[in-house]
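# Notes for the structure review
One-letter residues, chain by chain:
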Amino acid sequence: MDDGIYRFYHQSFKVYGRLQPLTKAICKALQELLPDRPMNKWFAEIIAQGTGREFEMSYNEDWLRHTRPIVEAFFHAHYFLKMICKYGKELETSPNLLPSGWAAVLYLFDLR
């Protein structure tokens, strides 16, 4: 994460090779938690827009337009990974009053 975000601000093409594979790996791990359940359509759209991209030199002229979807997809995937780890340790059952992070996880799998 640290290097990928640094590469974004450094305007390095390496943001493509660092954050996209990490985002895909996180998404694969998330999906393996509930393999028969589709992920939220907005999440899937954000991931699709921020992965599978190839760098071209001309992108340096409009860096933000070309790389922000990569960073955004990574942040969303990373957020859900953190929330699943956090609440997987803290919660034994789903409480009546849901913490926002856990409620977001339920939305990830369209369980809310």
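Rules behind the numbers
Residues numbered from 1 in each chain as written. Predicted model: local features only at pLDDT ≥ 70, side-chain atom pairs only at ≥ 80, totals over all residues. Heavy atoms only, no water. Helix = DSSP H or I, 4+ residues; strand = E, 2+ residues; numbered from the N terminus. Buried < 20%, exposed > 50% of the residue type's maximum accessible area, 1.4 Å probe, protein only. Areas by Shrake-Rupley, 256 points an atom, 1.4 Å probe, with all protein chains shown as cover. Lys, Arg positive; Asp, Glu negative; His and termini not counted. Charge placed at Lys NZ, Arg CZ, Asp CG, Glu CD. Contact = heavy atoms within 4.5 Å. Salt bridge = Lys/Arg side-chain N within 4 Å of Asp/Glu carboxyl O.

Here we take up the overall build of the protein chain. Helix and strand content of the protein chain: five helices and zero strands. Across the 112 residues in the protein chain, those meeting the buried criterion constitute 38%. For the protein chain, the accessible surface area stands at approximately 7400 Å², while carbon and sulfur atoms represent 55% of it. Considering the protein chain, the positive charge centre built from 14 side chains and the negative charge centre built from 13 side chains are found 2 Å apart.

Moving on to helix 5 (residues 100-108). When you tally the buried positions in helix 5, you get seven out of nine residues, the bulk of the element. Regarding helix 5, the residues found buried are Gly101, Trp102, Ala103, Ala104, Val105, Leu106 and Leu108. On its buried face, helix 5 sits against helix 2 (14-33), helix 3 (41-49) and helix 4 (63-90).

Turning our attention to the pattern of salt bridges. If charged atoms from side chains of opposite charge come close, those side chains can pair. Taken as a whole, this structure holds four salt bridges when the rule is applied. The partner of Asp3 in a salt bridge is Arg18, and the shortest N-O contact between them spans 2.1 Å. With Asp3 in helix 1 (residues 2-9) and Arg18 in helix 2, this pair connects stretches of sequence that are 15 residues apart. With a relative accessible area of 29%, Asp3 lands in the partly exposed category. Judged by relative accessible area, which is 35%, Arg18 ranks as partly exposed. Ionic pairing is found between Lys28 and Glu32, a salt bridge with its closest N-O pair at 2.7 Å. Of the two residues, Lys28 and Glu32 both sit in helix 2, four residues apart, roughly one turn of that helix. The exposed category is assigned to Lys28, whose relative accessible area is 54%. Via salt bridges that share partners, Asp3, Arg7 and Arg18 belong to a single interconnected network.

Relative to the assigned elements, Gln20 resides in helix 2. A relative accessible area of 6% places Gln20 in the buried class. Sequence-distant contacts of Gln20, that is, excluding residues within four places in its chain, are made with Val15, Gly50, Thr51, Gly52, Arg53 and Ile70.

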